[in-house]
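What follows is the residue order along each chain.
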Amino acid sequence: MGSITLEKVSKSFGTTNVIPEIDLEIADGEFVVFVGPSGCGKSTLLRIIAGLEDATAGTIRIDGADATREAPAKRGLSMVFQSYALYPHMSVYGNIAFPLKMAGQEKPAIDKKVRDAARVLNLTDYLDRKPRQLSGGQRQRVAIGRAIVRQPKAFLFDEPLSNLDAALRVNMRLEISELHHQLKTTMVYVTHDQVEAMTMADKIVVLNAGRIEQVGSPLDLYRNPKNLFVAGFIGSPKMNLITGAAAAKENATTIGVRPEHIGLSKREGPWQGTVTVVEHLGADTFVHADVDGVGPVTARAPGEFAVKHSERVFLTPEAEKIYRFGENGDAL
Amino acid sequence: MATLQTRSAARLMMTPAVLMLFVWMIVPLAMTLYFSLLRYNLLMPGMEEWAGTLNYRYFLTDPAFGAALLNTLLLVGGVLLITLVGGTLLALLLDQPFFGQGIVRLLVIAPFFVMPTVSALVWKNMLMHPVYGIFAWIARLFGLQPVDWLSSLPLFSVTMIVAWQWLPFATLILLTALQSLDEEQKEAAEMDGAGPVSRFIHIVLPHLARAMTVVVLIETIFLLSVFAEILVTTNGGPGTESTNITYLVYAQALLQFDVGGASAGGIVAVILANIVAIFLIRLIGKNLEA
Ligand SMILES: Nc1ncnc2c1ncn2[C@@H]1O[C@H](COP(=O)(O)OP(=O)(O)O)[C@@H](O)[C@H]1O
Ligand SMILES: [Mg+2]
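Residues numbered from 1 in each chain as written. Chains lettered and ligands numbered in written order. Predicted model: local features only at pLDDT ≥ 70, side-chain atom pairs only at ≥ 80, totals over all residues. Heavy atoms only, no water.

## Looking at the pairing of strand β10 (residues 211–216) of chain A
Residue and element names in this part refer to chain A. The sheet contact formed by strand β9 (residues 203–208) and β10 spans five bridges and is antiparallel. Residue pairing for β10: V206 is matched across the bridge by Q214. Hairpin geometry of β9 and β10 is characterised by an intervening segment of two residues between the two adjacent antiparallel strands and by a positive phi of about 50° at A209. (Pairing = 2+ DSSP bridges. Helix = DSSP H or I, 4+ residues; strand = E, 2+ residues; numbered from the N terminus.)

Structure representation (structure tokens):
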């Protein structure tokens, strides 16, 4: 079991209010991702759940029981830190065994659990090594190993992939997703990278300046962003946000069109513009154009779309995929 | 210094400094060695003669030598023990956030800046004096007989004085090491269920091992040659109870005017220091490897 509930949780450091007031439900077995720009309070929120930081006000329930004043170790949660926080003087074996040793378990039981975890994480050959003799991905796996041997109610991840190179990040993303399917344990995962959020989450919590902007499944957020912030944050490349006359024509202060919902042509279309930059990714081509009377717009074209800098192009936004936002930024 | 040229240029530039340091070391050592093989007493000037190993035999079989050797080791060991344990505790305390932290840290460092003779005099006359010392006053407050520290517990008293001087050094080094401990590591251990004591044993102590090694090595170098504190307080006495090797060499040379014997003692002290150094490097040197 591992459901987590936050009720009216707020946090201030001295006089600076970092998290105004948050209510959140995390169901048992769910993979929840907190996503938001750097400094928006994601880590702080995670640390409040872990018990490493006291909430200024509010209640935290784990499996329905009030855990607000409970010590971190008593909450039955495991955390994987951004820096991995491995113990440098202990071997991989010692690192993974440490929580079990602290729990006072018997040597043979510890040995079995450590070896099981090492097998799952492909670490069996490295059990005698020190953390500094491992690669970034291996260290990451040791940190995960240390987290899973305790069989916690939930895992907390704080930007676990941000120290890895791009290729490894994609790999580890898959491994963590797979681990979630195997263990079916609740996972709370913090990241500033919306791609990680979209690919891994059952439920995404979009945070901005300590407030929850929207909660929903990845596709839900993609299809129905509640406001400008979510619209701009979810999706890659970013949604085009257009103000002025083009927006007024739709009776909105701002309209948004995703690059993938804009058709490109060299002959005809409602918008006409000059190409500023073309990015060929193989499967896709991203065309950045300066549209007359609208401003800069990014559009996605098929990979073979041949266009060059300073050429004139025509753009056709799909009418039913245009998002309209009011003066306060909320979707209309 | 990547290329052959820059390397040989560097060697050339360094040569004068290295040569100078070498001469600086080798000349006194050679002279001491030479004197240690002479019968050379200041009371009989101009009567130096070859003595072979007589000075060494004389120095090593002197009953005072055995006592001094033991005292030296006890003094070094005692001070190391007190400064390591006390330094760790003080560093842990100073690492906590509290009001007036800056001032308190400064006060803790202060003893290191007091000259050995001055601190020894302060301890002798203001703290340990059997009549008007503070310790005696405290003893009388409880209706106890004041202890005459310097004559009844001479080596212990000297150890206390020297430890007081070196405690700030150990505290400072250990405090900086403590502050370099990754906060997330402590938090990870906390999440893993380690209480304050387990965290200290499993996370903090191993992290401090390297700094402790540095403290032990540096302090040992200086503690082997403690002299001023003994001269000012006990004069090595009563008898030889607080005489260490350094003080014995001094007594030989300047109280008995026996330059030959003192030189032999000096060479013995150098050899002893090297034995201790080799022993220490073997024992804890691996802590210094990255
Ligand atoms: N210990 C602290 N003391 C004061 N301010 C803090 C502390 N920790 C974090 N903050 C502030 O809280 C805000 C949120 O920080 P954090 O949760 O680390 O953001 P994120 O993880 O989303 O990048 C930041 O503005 C940061 O400066
Ligand atoms: Mg963070």
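## Description of the pattern of salt bridges
Counted according to the given criterion, the structure contains 18 salt bridges over all chains. Between E311 of chain A and K266 of chain A there is a salt bridge, with its nearest N and O atoms 3.7 Å apart. Of this pair, E311 of chain A sits in the loop between β16 (295–302) and β17 (312–317) while K266 of chain A sits in the loop between β13 (262–265) and β14 (271–280), placing them 45 residues apart in sequence. Judged by its relative accessible area of 26%, E311 of chain A is partly exposed. Salt bridges sharing partners connect three or more residues here, namely R47 and E53 of chain A together with E187 of chain B. (Salt bridge = Lys/Arg side-chain N within 4 Å of Asp/Glu carboxyl O. Buried < 20%, exposed > 50% of the residue type's maximum accessible area, 1.4 Å probe, protein only.)

## Observations concerning the site of ligand 1
All names here are of chain A. Taken together, F13, V18, S38, G39, C40, G41, K42, S43 and T44 make up all the residues around ligand 1. In the environment of ligand 1, an oxygen atom lies 3.1 Å from a nitrogen or oxygen atom belonging to the backbone of G41. In isolation ligand 1 has 560 Å² of accessible area, and contact with the protein removes 55% of it. Ranked by residue count, the leading element in the shell around ligand 1 is helix α1 (residues 42–50), at three residues. Its residues assigned to classes, the shell around ligand 1 shows three nonpolar, five polar and one charged. (Near = heavy atom within 4 Å. Polar contact = N/O pair within 3.5 Å; in protein donor to acceptor, adjacent residues only side chain to side chain. Areas by Shrake-Rupley, 256 points an atom, 1.4 Å probe, with all protein chains shown as cover. Nonpolar A, V, L, I, M, F, W, Y, C, P; charged D, E, K, R; others polar.)

## What about a nonpolar patch on the surface?
All names here are of chain B. A contiguous nonpolar surface patch, about 650 Å² in accessible area, is contributed by F22, V23, M25, I26, V27, L29, M31 and V270. Considering each element in turn, the nonpolar patch owes the most residues, seven residues, to helix α1 (residues 4–36). Within the secondary structure, M25 is located in helix α1. On the accessibility criterion, M25 (45% relative accessible area) is partly exposed. (Patch = residues over 30% accessible without salt bridge, like charges linked within 9 Å, V, L, I, M, F, W, Y side chains within 5 Å.)

## Describing the domain arrangement of chain A
Residue and element names in this part refer to chain A. Along its sequence, chain A is carved into domain 1 (4–230) and domain 2 (241–325). A separation of 39 Å is found between the C-alpha centroids of domain 1 and domain 2. In this complex, domain 1 contributes six residues to the contact, which on the side of domain 2 involves seven residues. Both faces considered, domain 1 and domain 2 share a buried interface measuring about 550 Å² in area, 60% of it formed by carbon and sulfur atoms. The largest contributions to the domain 1 side of the interface with domain 2 come from Y222, P225 and L228, which together make up 83% of the buried area. On the surface where domain 1 and domain 2 come into contact, there are four residue pairs in polar contact (both at pLDDT 80 or more). The element contributing the most residues to the side of domain 1 that touches domain 2 is helix α7 (residues 218–223), with three residues. When grouped by side-chain class, the residues that make up the side of domain 1 that touches domain 2 number four nonpolar, one polar and one charged. (Domains from an automatic or database assignment. Contact = heavy atoms within 4.5 Å. Buried area = accessible area lost by both parts, 1.4 Å probe.)

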